[in-house]
Amino acid sequence: HHGARYSIMADVHEVEASDGVRFSWNVWPSTRLEATRMVVPLGCLYTPLKAIENLPVLPYEPVVCKGPCPSVLNPYCRIDFRAKIWICPFCFQRNHFPPHYAEISENSLPAELIPNYTTIEYGLPRAAAGPPIFLWVVDTCMVEDEL
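Nothing here was measured: the structure is a model prediction, and the numbers come from that model. Within every chain, residues take consecutive numbers counted from 1 along the sequence as written. The predicted nature of this model means local features are confined to residues of pLDDT at least 70 and side-chain atom pairs, given and counted, to a pLDDT of 80 or more, with totals for whole chains, interfaces and linings taken over all residues. Side-chain measures here rest on the full set of heavy atoms in the structure, leaving out hydrogens and waters.

Q: Quick rundown of the overall build of the chain? Include the residues and the values.
A: Secondary structure elements follow DSSP: runs of H or I of four or more residues count as helices, runs of E of two or more count as strands, with numbering from the N terminus. Broken down by element type, the chain carries two helices and seven strands. Seen along its three principal axes, the alpha-carbon backbone of the chain occupies a region of about 55 × 40 × 35 Å. The buried share of the chain, taken over its 147 residues, is 21%. Working rule for contacts: check all heavy atoms of both residues, and any pair within 4.5 Å makes them a contact. Sequence-distant contacts in the chain: of pairs separated by 6 or more residues, those separated by 24 or more amount to 50%. The accessible surface values rely on the Shrake-Rupley method and a 1.4 Å probe; as for residues, cover is taken only from the protein chains in view. Accessible surface, the chain as shown: approximately 11500 Å² in total, 59% of it carbon and sulfur. Charge convention: Lys and Arg are scored as positive, Asp and Glu as negative, and His as well as the terminal groups of each chain are ignored. Lysine's charge is taken at NZ, arginine's at CZ, aspartate's at CG and glutamate's at CD. Between the mean site of the 11 positive side-chain charges and the mean site of the 16 negative ones, the chain shows a separation of 9 Å. The cut-offs for exposure are 20% and 50% of the maximum accessible area for each residue type, with area from a 1.4 Å probe on protein chains only; residues under the lower value are buried, those over the upper are exposed, and the others partly exposed.

Q: Hey, could you go over the environment of M142 for me, with residue numbers and the actual values?
A: Among the secondary structure elements, M142 is positioned in the segment after β7 (121–122). Note: C-alpha distance between M142 and E112 (30 residues apart in sequence) is 38 Å.

Q: Give a description of the state of the cysteines that names residues and reports values.
A: The definition used for a disulfide is geometric: two cysteine sulfur atoms within 2.5 Å. Within this structure, the stated rule accounts for zero disulfides. The closest cysteine sulfur to the non-disulfide-bonded C65 is located on C91, 3.6 Å from its own sulfur. Assessed through its relative accessible area of 6%, C65 is described here as buried. C88 carries a free sulfur, and the closest cysteine sulfur to it, the one in C69, is 3.5 Å from it. Of the residues examined, C88 reaches a relative accessible area of 0% and is grouped as buried.

Q: Run through a nonpolar patch on the surface, naming residues and quoting values.
A: Patches here: salt-bridge-free residues with over 30% relative accessible area, like charges joined within 9 Å, nonpolar side chains (Val, Leu, Ile, Met, Phe, Trp, Tyr) joined within 5 Å. The working definition used for a salt bridge is a side-chain nitrogen of Lys or Arg within 4 Å of a carboxyl oxygen of Asp or Glu. A surface patch of nonpolar side chains, about 450 Å² in accessible area, is lined by F23, W25, V39, V40 and L42. Within the secondary structure, V40 is located in the loop between α2 (32–36) and β2 (44–46). Accessibility expressed as a relative area gives 40% for V40, which makes it partly exposed.

Q: Outline the packing of aromatic side chains, listing residues and values.
A: Each Phe, Tyr or Trp ring (for Trp, its six-membered ring) is paired with any other whose centre lies within 6.5 Å, and the angle between the two planes then decides the class: stacked below 30 degrees, edge-to-face above 60, tilted in between. Under the defined criterion, the tally for this structure stands at two aromatic pairs. Judged by centre distance (6.3 Å) and plane angle (70 degrees), the ring pair of Y60 and Y122 falls under edge-to-face. Within this pair, whereas Y60 is found in the loop between β3 (57–58) and β4 (78–80), its partner Y122 is found in strand β7, the two being separated by 62 residues in sequence. Judged by its relative accessible area of 26%, Y60 is partly exposed. Geometrically, the ring pair formed by F97 and Y101 is stacked, given 5.7 Å between the ring centres and 20 degrees between the ring planes. Residue classification places F97 among the buried positions, given a relative accessible area of 11%. Its relative accessible area of 6% is what places Y101 among the buried residues.

Q: Outline the nonpolar core, supporting the account with residue identities and numerical values.
A: In this description, a nonpolar core means a group of buried Ala, Val, Leu, Ile, Met, Phe, Trp, Tyr and Cys residues linked to one another through side-chain atoms lying within 4.5 Å. In this structure, V63, C65, C69, L73, C77, W86, C88, C91, F97, Y101, I104 and L113 together form the largest nonpolar core, which totals twelve residues. When near neighbours in sequence (up to four residues on either side) are disregarded, L73 contacts V63, I79, W86, F97, Y101, E112, L113 and Y122.

By themselves, these figures tell us nothing about what the structure is for.
Next comes the structure, spelled out in structure tokens:
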């Protein structure tokens, strides 16, 4: 059905326009098994320093994954409200919420978990570390037939 496909594409373009991010897939794998079954690698195009209207600025440190990746709590994490844990979508590490998240529930979400806040900024009380650093990665890998 073309209408459903158009709606998904419109959503993809809306996300890119609002956050400056475009993924190779519209859905993030939620399990290790799903991640291993992906035929096309997960990739992301990101527009650094994009001006975002009504960007939430949080006055506290980000909640960081305790696993091998230093990812940050975000709307794509799986949440167990009863156990007060979150599961990292990158490494699938189970993380406990810090004590100041004790009141978290499906009806009382911190800004990091609100679906509309896919991009947030942390206003940290420490001095800035310096100017931003950009790393450009260009994948020049091609199939031999295309050379």
